[in-house]
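A look at the structure
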Amino acid sequence: MKRLDVVVVGAGTAGCVTARRCAELGLQTLLLDRKPQNEVGQKVCGDEISKSHFEATGINSPYDNEISSVIDGADVYPPSMKNELKVRGWSDFDGWTIDRLTFGQRLLNEAVKAGVKFIPNIHVGPPTIAGDQVTGIHYRDASTREETTIKSKIVIDASGFAAVIRNQLDGPLIENNIDKADVALCYREILSLKVPLAEPEVARVFLGGQTAPRGYAWIFPKGIQEVNAGVGITGGSGRGSPKALFESFKSNYPLLFKSTVIDGKGGAVPVRRPLKSLVGNGVAFVGDAALQVNPIHGGGIGAGMRAGIILGEVAREAIAKRDLSANGLWSYNTRYLPDFGKRLASLEIFRKLLQGVTDEDLDFGFERRLLEADDLIAANKGGGISIGIVDKMKRAKRGAGRISLLLKIQKASSLMKKLGRVYATYPSNPTGLESWEKNVLSIIEDANFQ
Ligand SMILES: Cc1cc2nc3c(=O)[nH]c(=O)nc-3n(C[C@H](O)[C@H](O)[C@H](O)COP(=O)(O)OP(=O)(O)OC[C@H]3O[C@@H](n4cnc5c(N)ncnc54)[C@H](O)[C@@H]3O)c2cc1C
């Protein structure tokens, strides 16, 4: 078989957007997924996506029956369930809850219309490798059991959390063995409520060790009387099961009493900074396979779509200049990581702060407003938490008695800024990666708030 330009493994949101961009730019692109065609898009998810990602990528916003609800604000509850933070005007969160299947089918159709060849029911196995260069993939057709090898100039791993290509590779640019503490294990249900929602446009988030140790619970509206509700906790031993925690939450939260379960399933999502390099020789990673997820709320649809647009463009450049090495693909790193990747990385520190404070401290912080809604919005933009001197003094007064908590907030703020500065100097070629990574890891190790 003739060598293809690009093979994209996985037709989730990241894979469809990447494949479409490659085809739009004239690349001969094959997209493979193990699902049947009519199930592409189905995914255990909170279903929430911000408008900002569509504005940034030019992808058409969800419309018609792709939309379940318009989301215009979030209420964040501390463990006491009192003094919640009402976050409004959060442009990086506000948007929609979507019907994942309908939305996913549209992204697939757009890719196919752009010229992508899609084959469903394909289980992709290991990559083929020559020396240290990825040269293609092996796959098995799920219906015929036939095994095939495909040669491709660039292989793109968009297989989600499974990262089926990345996990078969090694070398100085490749990261595997993602720490369990950086993975959120989740369980979510789509519920039909007994009573209509009072504020059907407001998402609710619940923090606290009882509800969701080192994670959070959520209730996202899906219409007037339906919600997507779940619990996500970061892994590691002894944290309990997300499903059991959700059952307990459901039996304690009156809105969910006597609700009917439409669907209930578990899933996993990485909640760490993105991979240190999104490329290797002849290979690139996108979406969950590249750890492109917001570490505080686990939102990865937008982060992967943003990356897919860049990756399509970089793939074309690399093929045009006939440099399929990591070096030839490196501009995917330099365009994504110092920009959107920097935001995601600094939020890993914010996540560690939230995980490192006790329930009592969280309650106190919410009661005294040591963190305001604006801080959350600013933190989400990746610039740290910018607290002016006057404001700092006011907060110090409000925080009297919990100086240690104030110091933790201040430390997180300064580490977020420091990490942002390191990301701004992402190396221009693979040679500088090792020392850059050392700087990143020393900041991440410092982000200990226990
Ligand atoms: C419970 C939960 C709640 C979430 N809530 C939100 C939210 O509200 N908002 C948000 O933005 N994000 C949320 N996320 C994260 C979001 O779902 C992911 O970040 C996003 O879907 C990742 O897209 P992707 O295309 O990278 O991967 P996926 O959507 O996982 O797609 C990967 C594709 O690869 C295919 N595949 C895998 N292995 C193979 C193989 N061997 N051969 C062939 N095909 C293969 C799969 O079938 C799949 O279609 C949540 C995640 C979870 C688990």
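Per chain, residue numbering runs from 1 following the sequence as it is written. The predicted origin of the model limits local features to residues at a pLDDT of at least 70 and limits the giving and counting of side-chain atom pairs to 80 or more, whereas totals for whole chains, interfaces and linings rest on all residues.

**A short note on the environment of Gly232**
Each helix is a run of H or I in the DSSP string that is no shorter than four residues. Each strand is a run of E no shorter than two, and both are numbered from the N terminus. Assignment of secondary structure puts Gly232 in strand 15 (residues 226-234). Along the sequence, Gly232 and Tyr216 sit 16 residues apart, while their C-alpha atoms lie 5.6 Å from each other.

**Re the site of the ligand**
Around the ligand sit 42 residues in total, of which Gly12, Gly46, Gly160, Gly287 and Gly300 are the nearest. Looking at the shell around the ligand, the elements with two or more residues in it are helix 1 (13-24), strand 3 (48-50), strand 9 (122-130), strand 12 (183-192), strand 16 (260-270) and helix 5 (301-320). An automatic or database domain assignment supplies the residue ranges for each domain. Here the shell around the ligand spans two domains, and each of domain 1 (4-47 + 101-176 + 274-329) and domain 2 (65-98 + 180-270) adds at least three residues to it. Being near a molecule or strand means, for a residue, that its backbone-placed C-beta atom lies within 6 Å of it.

**Some points on the packing of helix 1 against helix 3 (residues 100-113)**
Note on geometry: axes are C-alpha line fits, over the in-contact stretch for helices, and angles between N-to-C directions span 0 to 180 degrees. The interhelical angle for the contact between helix 1 and helix 3, taken along N-to-C directions, is 20°, at an axis separation of 8 Å. Between helix 1 and helix 3, the angle is such that the two are roughly parallel. At the point where helix 1 passes helix 3, the crossing takes the left-handed sense. Here Thr13, Cys16, Val17, Ala19, Arg20 and Ala23 of helix 1 come into contact with helix 3, specifically with Gly104, Leu107, Leu108, Glu110 and Ala111. Here the term charged refers only to Asp, Glu, Lys and Arg, the term nonpolar to Ala, Val, Leu, Ile, Met, Phe, Trp, Tyr, Cys and Pro, and the term polar to all other amino acids, Gly among them. Taken together, the residues that form the contact of helix 1 with helix 3 break down as seven nonpolar, two polar and two charged. Throughout this description, any angle smaller than 35 degrees is read as roughly parallel, any larger than 145 degrees as roughly antiparallel, any in the 65 to 115 degree range as roughly perpendicular, and the remainder as oblique. Helix crossings get a hand from a simple test, with the near helix turned counterclockwise from the far one by less than a right angle marking a left-handed crossing and a clockwise turn marking a right-handed one. We call two residues in contact when the distance between their C-beta atoms, placed using the backbone, is within 7 Å.

**Some remarks on the nonpolar core**
A set of buried residues drawn from Ala, Val, Leu, Ile, Met, Phe, Trp, Tyr and Cys, joined through C-beta atoms within 7 Å, is what defines a nonpolar core. Three classes are used. A residue is buried when 20 or more other C-beta atoms lie within 10 Å of its own, exposed when 12 or fewer do, and partly exposed in between, with C-beta atoms placed from the backbone. In this structure, Val9, Ile156, Ala284 and Val286 are the most contacted members of the largest nonpolar core, which totals 127 residues. Top element by residues in this core is helix 5. It accounts for 11 residues. Residues in contact with Ile156, not counting those within four places in the same chain, are Val6, Val8, Val9, Thr18, Ala284, Val286 and Leu311.

**Some thoughts on the pairing of strand 2 (residues 29-32)**
In strand 2, alternate side chains face the same way, and those of Thr29 and Leu31 on one face and Leu30 and Leu32 on the other are all buried. Between any two strands, at least two bridges found by DSSP are needed for them to pair. Pairing of strand 1 (residues 4-9) with strand 2 involves four bridges; the strand directions are parallel. Paired with Val9 across the bridge in strand 2 is Leu32. Crossovers are described as right-handed under a simple rule: with the strands pointing away from the observer, the path leading from the first strand over the helix to the second runs clockwise. Between the parallel pair strand 1 and strand 2, the chain is carried across by helix 1, and the sense of this crossover is right-handed. With three bridges joining them, strand 2 and strand 8 (residues 117-119) adopt parallel strand pairing. Across the sheet, residue Leu32 finds its bridge partner in strand 8, namely Ile119.

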